[in-house]
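Inside the fold
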Amino acid sequence: MPLVAGIDSSTQSCKVVIRDAETGALAREGRAAHPPGTEVDPAAWWAALGEAVETAGGLDDVAAVSVAAQQHGMVCLDATGDVVRPALLWNDTRSAADADELVAELGDGDAEAGAKAWAQAVGTVPVASFTVTKLRWLARHEPVNAARTAAVCLPHDWLTWRLAGGGEIETLATDRGDASGTGYWSASTNDYRLDLLARAFGSTPLVPRVLGPRESPGATPGGALLGAGTGDNAAAALGLGAGAGDVVLSIGTSGTVFGVSTTPTADPTGAVAGFADATGRFLPLVCTLNAARVLDATAEMLGTDADGLARLALSAPPGAGGLTVVPYLEGERTPNRPNATGAIHGWRLANSTPAHLARAAIEGMLCGLADGLDALVAHGVTVERLVLIGGGARNDAVRRIAPAVFGMPVDVPAPGEYVADGAARQAAWARSGGSEPPAWRTSASQTYAADPAPAVRARYAEARELTTRAGS
């Protein structure tokens, strides 16, 4: 049976799945950790990929391979292909002021007009997460490194290029899904906006050519065909087989809410990013910086583990007795408050228990994602089914509380590596050359339902606005 490999190079680790190209059946898998931080030498990703591949039994018998990776990360290369400086990741917020400046500049000093202009140009409004803002930061703060930069690419672009053997920087390639997260490529026109890149960076470095969903940038030295690759959210949608009416809630290092659409979006508020997906369609998306690590931090603070946190949260009443957590532990991307901090509101003697805090932390994290769902709906995304995935979805309290916060049932597929699976499915698609990706069987899911909790959302909205004003 022909085999294909999918690679998920995420913020925290590298996962590799090797599957049957025709049925999608899992043959083997491997993983390796990434170093922590918001600034990482890409060499660490390459080392982790090698370790994960070795753990998965190697790629010698694999016909095709594709890479999905964390979006937005700024990888700068010099003319010989050497990395200029450690990559700035999506969750590095040092370019927040640069983002504000770029927005205002495009509006001739009017931030509202600038936001509208950016949304019309590329479907997104710059925030600190996006590559374009990091390039402005680099040009301003590290001019020597900026001058050395001959090409700029994204994590998946760089890893794919390395899998092909490196070589000339002119061979760098990317896909629509990941390119749409840079801030200088438009999903609606399928073109780079090099004028915006030059505005941000002061010059126009080489950028990867953008491939179609089933195109290939080449092959590995061992002869395995390379898929175009994509960003992690687009890969997750492909791995899940998400279609029109499906909205995916992913609780990983970041929290994302996204749905497949046949039409592009352009949100001047910046809440909804007008991304592309990995099939030639679009992927309107809302992202929060604070997701699964809110659970980790709360569990550590309470001296327990993930299972203990779930038990505590489920032992508290819905609404946590009025205790509300706004979990902006690392600033926030949606709403765009990079300097905000977390806060606890409604603290009283009656709710001063570990159980109440555990529940309030989970409800607060989910309320942030529910705000994202509201934003998608406001921009025309149809919601027929909510699908909950990611590491945070493995927490029993998250699964049971989510339908109350979202006000509708939530489907939870079996735990899996859906980003890596999407990359593997893309590799199989590139190998087959068909008009659509292979119709792999998706895993069964369990549906969770609960009575809606509008009071929780209302209290969170009040507390969020207090925190937003304090953190702005």
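First, a word on scope: everything that follows refers to the structure included in this document.

The rules behind these values
Residues numbered from 1 in each chain as written. Predicted model: local features only at pLDDT ≥ 70, side-chain atom pairs only at ≥ 80, totals over all residues. Heavy atoms only, no water. Phe/Tyr/Trp six-rings, centres within 6.5 Å; stacked < 30°, edge-to-face > 60°. Buried < 20%, exposed > 50% of the residue type's maximum accessible area, 1.4 Å probe, protein only. Lys NZ or Arg CZ within 6 Å of the ring centre and 35° of its normal. 1 Å grid on protein atoms, 1.4 Å probe; cavity = no way out; pocket = protein on both sides within 12 Å on 5 of 7 lines; lining within 4 Å. Points joined across faces, edges and corners; volume = space filled by probe spheres on them. Nonpolar A, V, L, I, M, F, W, Y, C, P; charged D, E, K, R; others polar. Helix = DSSP H or I, 4+ residues; strand = E, 2+ residues; numbered from the N terminus. Polar contact = N/O pair within 3.5 Å; in protein donor to acceptor, adjacent residues only side chain to side chain. Contact = heavy atoms within 4.5 Å. Disulfide = S-S within 2.5 Å. Axes fitted to C-alpha atoms, helices over the stretch in contact; angles between N-to-C directions. Parallel < 35°, antiparallel > 145°, perpendicular 65-115°, else oblique. Left-handed = near helix turned anticlockwise from the far one by under 90°.

The subject of this paragraph is the packing of aromatic side chains. In total, this model carries two aromatic pairs according to the counting rule given. Between the aromatic rings of Tyr-184 and Tyr-192, the centroid separation amounts to 6.3 Å while the plane-to-plane angle is 25°, which identifies the pairing as stacked. Using a relative accessible area of 3% as the deciding quantity, one classes Tyr-184 as buried. The cationic tip of Arg-94 hangs over the ring face of Trp-137; the distance from NZ or CZ to the ring centre is 4.9 Å. In this structure, Arg-176 packs its charged tip against the face of Phe-282, placed 5.4 Å from the ring centre.

Another aspect to go through is the layout of surface pockets. Its boundaries defined by the atoms lining it, the second largest pocket holds a volume of some 440 Å³. Here the residues of the lining of the second largest pocket are counted per class, giving 12 nonpolar, eight polar and eight charged.

Moving on, we come to the side chain of Arg-85. Along the chain, Arg-85 falls in the loop between strand 6 (75–77) and strand 7 (87–88). Given the relative accessible area of 7%, Arg-85 is considered buried. Only 2.6 Å separates the side chain of Arg-85 from the side chain of Glu-142, close enough to count as a polar contact. Setting aside its immediate chain neighbours within four residues, Arg-85 contacts Glu-39, Met-74, Cys-76, Arg-94, Trp-137, Leu-138, Glu-142 and Asn-145.

This part is about helix 9 (residues 232–240). Counting buried positions along helix 9 gives nine out of nine residues, so the element sits mostly inside the fold. Buried within helix 9 we find Asp-232, Asn-233, Ala-234, Ala-235, Ala-236, Ala-237, Leu-238, Gly-239 and Leu-240.

Here we take up the side chain of Thr-220. Secondary-structure assignment places Thr-220 in the loop between strand 13 (218–219) and strand 14 (225–226). In this structure Thr-220 comes out as buried when scored by relative accessible area, which is 14%. Not counting chain neighbours up to four residues away, the residues in contact with Thr-220 comprise Val-65, Leu-163, Ala-164 and Leu-226.

With that out of the way, let us pick up empty space enclosed by the protein. Inspection of every chain in the model, using the stated rule, returns five cavities of 30 Å³ or more. Forming the boundary of the largest cavity are 13 residues, of which Phe-130, Gly-270, Ala-271, Ala-273 and Arg-333 lie nearest the centre. In this structure, the second largest cavity spans a volume of roughly 60 Å³. If you trace the second largest cavity, you find it lined by Gly-319, Leu-323, Thr-324, Val-325, Ala-360, Glu-363, Gly-364, Cys-367, Val-456, Arg-459 and Tyr-460. Within the residue set of the lining of the second largest cavity, elements represented by two or more residues are strand 20 (324–326), helix 12 (354–378) and helix 15 (454–471). Here the element with the most residues in the lining of the second largest cavity is helix 12; it accounts for four residues. Residue composition of the lining of the second largest cavity, grouped by class: six nonpolar, three polar and two charged.

A full pass over the atoms with the stated rule returns zero disulfides. Summary of cysteine pairing: Cys-76 is not part of a disulfide, and the nearest cysteine sulfur, belonging to Cys-153, is at 8.2 Å. We note that Cys-367 lacks a disulfide partner, and the nearest cysteine sulfur, in Cys-287, lies 17 Å from it. When its relative accessible area of 1% is taken as the criterion, Cys-367 is described as buried.

Residue Pro-335 is reached from Thr-334 by a cis peptide bond, and omega for that bond is 0°. Considering the arrangement of structural elements, one finds Pro-335 in the loop between strand 20 and strand 21 (343–345). Phi angles above zero are rare outside glycine, and Asp-108 is one such case at about 55°. On the basis of relative accessible area, Asp-108 is assigned to the exposed category, the value being 78%. Here Asn-190, not a glycine, exhibits a phi torsion of approximately 60°, which is positive. When you line up the elements, Asn-190 lands in the loop between strand 10 (185–186) and strand 11 (191–192).

It is worth spelling out the packing of helix 1 (residues 42–55) against helix 6 (residues 155–163) at this point. Where helix 1 meets helix 6, the closest approach of the two axes is 11 Å, and the angle between their N-to-C directions is 55°. It follows from the interaxial angle that helix 1 and helix 6 lie oblique. For the element pair helix 1 and helix 6, the recorded crossing hand is right-handed. Residues Pro-42, Ala-43, Trp-45, Trp-46 and Leu-49 of helix 1 form the contact with helix 6, whose participating residues are Pro-155, Trp-158, Leu-159, Arg-162 and Leu-163. Along the lines of polarity and charge, the residues of the contact of helix 1 with helix 6 split into nine nonpolar, no polar and one charged.

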